[in-house]
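# Structural characterization, general
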Amino acid sequence: MKILVTGGAGFIGSAFVRLTAPVHSIVNLDKLTYAGNLDNLKSIEGHPNYTFAKADICDAAAVEAVFAEHKPEAVVHFAAESHVDRSILSPEPVVATNFMGSFQMLEAAKRHGVSRYVHVSTDEVYGSNDEPHDADESWPLIASSPYSSSKAGSDLLALSYYKTYKMPVVVTRASNNYGPYQFPEKLIPLMISNALDDQPLPIYGDGQQVRDWLYVDDHCRAILSVLEKGREGEVYNVGGSRALANLDVVHRILEITGKPESLMVRVKDRPGHDRRYAITSEKIEKETGWKARMDFEVGLKATVDWYVANREWVSRVKSGAYRDYYSQNYGAR
Ligand code: NAD
Ligand code: DAU
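The following paragraphs examine the structure supplied in this document.

Cut-offs applied
Residues numbered from 1 in each chain as written. Chains lettered and ligands numbered in written order. Predicted model: local features only at pLDDT ≥ 70, side-chain atom pairs only at ≥ 80, totals over all residues. Heavy atoms only, no water. Helix = DSSP H or I, 4+ residues; strand = E, 2+ residues; numbered from the N terminus. Rg over C-alpha atoms; globule rule 2.2 N^0.38 Å. Contact = heavy atoms within 4.5 Å. Areas by Shrake-Rupley, 256 points an atom, 1.4 Å probe, with all protein chains shown as cover. Lys, Arg positive; Asp, Glu negative; His and termini not counted. Charge placed at Lys NZ, Arg CZ, Asp CG, Glu CD. Near = heavy atom within 4 Å. Polar contact = N/O pair within 3.5 Å; in protein donor to acceptor, adjacent residues only side chain to side chain. Nonpolar A, V, L, I, M, F, W, Y, C, P; charged D, E, K, R; others polar. Phe/Tyr/Trp six-rings, centres within 6.5 Å; stacked < 30°, edge-to-face > 60°. Buried < 20%, exposed > 50% of the residue type's maximum accessible area, 1.4 Å probe, protein only. Lys NZ or Arg CZ within 6 Å of the ring centre and 35° of its normal.

Before going further, it helps to spend a moment on the overall build of the protein. For the protein, the helix and strand inventory stands at twelve helices and twelve strands. Whereas a compact globule of 333 residues would reach a radius of gyration of roughly 20 Å, the protein reaches 19 Å, a difference of no more than 12%. Taking the principal axes of its C-alpha atoms as reference, the protein extends roughly 55 × 45 × 35 Å. For the protein, long-range pairs separated by at least 24 residues make up 80% of all intrachain contacts whose partners lie at least 6 apart in sequence. Taken as a whole, the protein presents about 13,600 Å² of accessible surface, with 52% of it coming from carbon and sulfur. Here the protein holds 37 positive side-chain charges and 43 negative ones, and the gap between their average locations is 2 Å.

This is the structure in structure tokens:
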């Protein structure tokens, strides 16, 4: 199958490209923002199944040119501004890419009549889950941040293309991913890279917020399973079934890296901070046979080992622009 992947140079997109390029023909459309890094794809560079197209999903003409040249049969749409804190500091590019960029992708896919369109969404669209039970796919969308609201908007827009135009859309809503190649702005890679550098580990608020951790390769297998077996017009939650408070995650990282607890510092909380995410993945498990395989302790140790072995990758991405963001987000806390 010829698959157009957007955002394939980012954290999850590159894992998906590495997983699928040996068996499918992949066209990777990416703008290469600060989060896009072709180093993540070194292992498949030059592979006959793989092509890279540098383009912005907000640029309708550029998107049309990629569709016209490559004629994909399916689309997996990952490209997004994915970081909540950046969306709070600077919402405009987030709304533009996540909503309008997703719109341009849907329009092009409709014109070209693709046979499957997977829109990669997030469990954050459900907002904070303060109920005693986990959210299934019928829960209302009550997003909190500019990031999650723009994802909720594009998630609904994608579903509207199924309802209105009968486009073969499937939506996935995954929980917090972790693993190799994650940009060190998200909790796990930031805490690992700061701990390895003996730098402070900034804990927002009381550190008791709960996230459900999903190993990135498990997420990519889930996307592949709905690409192949998901029903058109349906939403599939993808969770790791491993809910942990942030402080528990950071304690485990300190244990693995052998660094002292004194590195942890309490800082001002994130505005509008969601307290707890909790979803059930029963539907995808029942319909496609997918199941998260990675044990969190094993996955976290493998992730720390990867960051230890790839200090150069980390120092390259922690460029001048990263330092500007870091002082903007953490300097005032
Ligand atoms: P990321 O920030 O690591 O990568 C995003 C990629 O999109 C980068 O390669 C970037 O260059 C590209 N991109 C950004 N704007 C673009 C534009 N205008 N045009 C073309 N390319 C553009 O993100 P990620 O963590 O890999 O997340 C991928 C997708 O998965 C996103 O849609 C995100 O909302 C969703 N998701 C992420 C998580 C998570 O825990 N990281 C969980 C659930 C869902
Ligand atoms: O739930 C899926 C979502 O998970 C994805 O849609 C997003 O793209 C992804 O960024 C992630 O969002 P979160 O806001 O949950 O992830 P983040 O890693 O930014 O933060 C995880 C938790 O850790 C959250 O409660 C905030 C806290 N945190 C984060 C950072 C960066 C800290 O305490 N300190 C920090 O420095």
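This part covers the site of ligand 2. Close to ligand 2 lie 26 residues; Asp 123, Glu 124, Tyr 147, Arg 270 and Tyr 330 are nearest. In this structure, Pro 202 approaches ligand 2 through a main-chain N or O atom, which is 2.8 Å from a nitrogen atom. Within the complex, 95% of the 690 Å² of free accessible area of ligand 2 lies under protein. Put simply, the parts of the chain that give the shell around ligand 2 at least two residues each are helix H3 (84-89), helix H6 (187-196) and strand E8 (201-204). Tallied by class, residues from the shell around ligand 2 come to eleven nonpolar, eight polar and seven charged.

Turning our attention to the packing of aromatic side chains. For the coordinates displayed, the defined rule picks out 15 aromatic pairs. Centre to centre, the rings of Tyr 178 and Trp 213 are 6.4 Å apart; their planes meet at 80°, and the pair counts as edge-to-face. With Tyr 178 in strand E7 (residues 176-178) and Trp 213 in strand E9 (residues 210-215), this residue pair connects regions lying 35 residues apart in the sequence. By relative accessible area, Tyr 178 is classed as buried at 1%. With relative accessibility at 5%, the residue Trp 213 sits in the buried group. Aromatic pair Trp 306 and Tyr 307: ring centres 4.9 Å apart, planes at 80°, arrangement edge-to-face. The two residues Trp 306 and Tyr 307 agree in class, both being buried. Taken together through their ring pairs, the aromatic side chains of Tyr 34, Phe 183, Tyr 204, Tyr 322, Tyr 326 and Tyr 330 make up a single cluster. Positioned above the aromatic ring of Tyr 162 is the side chain of Lys 166, whose terminal nitrogen or guanidinium carbon lies 5.1 Å from the ring centre. Positioned above the aromatic ring of Tyr 236, the side-chain terminus of Lys 283 is 4.9 Å from the ring centre.

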